[in-house]
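What the coordinates show
The lines below spell out each chain.
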Amino acid sequence: MQCAKAYGVHVKSIQNPAREGKSEMYEQPNFYWLQEDYIKEKQKGKDWNWTIFRPAVIFGESIGSPMNLLTAFGVYAALLKEEGKPLHFPGGVETILVATDVDLLARAIAWAGEAEKAEGEAFNITNGDVFVWSTLWPTLAETLGMEMGEHVPLSLTEEIPKREVEWRRICEKHNLVAPGIKDFVGSSVEFADRYFSYGQREMRYPPLYSDIKLRQAGFHECIDTEEMFIKWFKLFQEKRLLPRQ
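So, here's what we can say about the structure. (Residues numbered from 1 in each chain as written. Predicted model: local features only at pLDDT ≥ 70, side-chain atom pairs only at ≥ 80, totals over all residues. Heavy atoms only, no water.)

1. With respect to unusual backbone geometry
Looking along the chain, the bond that leaves Asn16 and enters Pro17 is cis, with omega of -5°. Among the secondary structure elements, Pro17 is positioned in the segment before helix H1 (31–43). In this structure, Asn175 is a non-glycine residue whose phi angle is positive, near 55°. Inspection of the secondary structure puts Asn175 in the loop between helix H6 (164–173) and helix H7 (181–185). (Helix = DSSP H or I, 4+ residues; strand = E, 2+ residues; numbered from the N terminus.)

2. Topic: empty space enclosed by the protein
Following the criterion strictly, the structure yields one cavity of 30 Å³ or more and no others. Computed from the structure, the largest cavity encloses a volume of approximately 70 Å³. What lines the largest cavity is simply Gly74, Ala77, Ala78, Lys81, Leu144, Met146, Gln237, Leu242, Pro243 and Arg244. The element contributing the most residues to the lining of the largest cavity is helix H2 (residues 69–82), with four residues. (1 Å grid on protein atoms, 1.4 Å probe; cavity = no way out; pocket = protein on both sides within 12 Å on 5 of 7 lines; lining within 4 Å. Points joined across faces, edges and corners; volume = space filled by probe spheres on them.)

3. Quick word on helix H4 (residues 133–143)
By the burial criterion, the buried members of H4 are Trp133, Leu136, Trp137, Thr139, Leu140, Ala141 and Thr143. Buried residues along H4 sit in contact with H2, strand E3 (87–89), strand E6 (148–151), helix H8 (188–195) and helix H10 (225–238). With its phi angle positive at about 70°, Gly145 sits one or two positions after the end of H4. (Buried < 20%, exposed > 50% of the residue type's maximum accessible area, 1.4 Å probe, protein only. Contact = heavy atoms within 4.5 Å.)

4. Things to note about the pattern of salt bridges
Pairing between side chains of opposite charge can happen when their charged atoms approach one another. Inspection of the entire model under this criterion finds 15 salt bridges. Of the charged contacts in the structure, one is a salt bridge between Arg54 and Glu24, with a shortest N-O distance of 2.7 Å. On the criterion of sequence distance, the pair formed by Arg54 in strand E1 (residues 51–55) and Glu24 in the segment before H1 is long-range, its members being 30 residues apart. Both residues of the pair, Arg54 and Glu24, count as buried. With its nearest N and O atoms 2.4 Å apart, the salt bridge here joins Arg163 to Glu83. Of this pair, Arg163 sits in the loop between helix H5 (156–159) and H6 while Glu83 sits in the loop between H2 and E3, and the two are 80 residues apart along the sequence. We classify Arg163 as buried; its relative accessible area is 12%. (Salt bridge = Lys/Arg side-chain N within 4 Å of Asp/Glu carboxyl O.)

5. Looking at the packing of H2 against H8
Two measures define how a pair of helices packs: the angle their axes make with one another and the distance between the axes. Contact geometry of H2 with H8 gives a least axis separation of 8 Å together with a crossing angle of 90°. Taken together, the axes of H2 and H8 are roughly perpendicular relative to one another. Residues Leu69, Thr71 and Ala72 of H2 pack against Ser188, Val189, Phe191, Ala192 and Tyr195 of H8. Its residues placed into classes, the contact of H2 with H8 shows six nonpolar, two polar and no charged. (Axes fitted to C-alpha atoms, helices over the stretch in contact; angles between N-to-C directions. Parallel < 35°, antiparallel > 145°, perpendicular 65-115°, else oblique. Nonpolar A, V, L, I, M, F, W, Y, C, P; charged D, E, K, R; others polar.)

Right, dumping it as structure tokens:
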């Protein structure tokens, strides 16, 4: 498993879309390359093989993760709703984004375990579409049982950790099994600020991935990112990790 760091996104702006075998930044020291070299050497003469996947930001069921927007955003929305406020957008300038559903990624991994065309190859994998928050926001509000709000910039990194008492009150009121904010959200609030482009006044160009190689190799599944968000928030509600509508 790798990510856009294989293309040097952590040290430079990349040329979009990133493509396997063309856009790698091998000159930048990275443990990815050490892992690749190790696996390639171990595989010589063996009857097993390897496949590399490079997902975009992964969305799924995870608690305490440093990079799970679902928990950070879920707590933010729950706090607003409890105050009787609409779902305000806390970020900055609009940005085009891509995502990877963890269920989709799991199915791709299972496919690669049997597909000859996946042997010894690296593949980008995203949901297959792009999205912007302004288009997605009405669906998020409806899924969480809220009204649409305004653009109200807010650093979740600064605000969410202060709201432990209110969050515990919400958990008790709705009979949630979610832990305290620190254990539930982890450092995902910092990631959320970046993913929402908080503080950004000019559009930045995040990495976009070409999925063509994966499609041509035979894995054709995709998921609408809007449907992905609905799926995960409903699951979090069903598991009593977030309040129901």
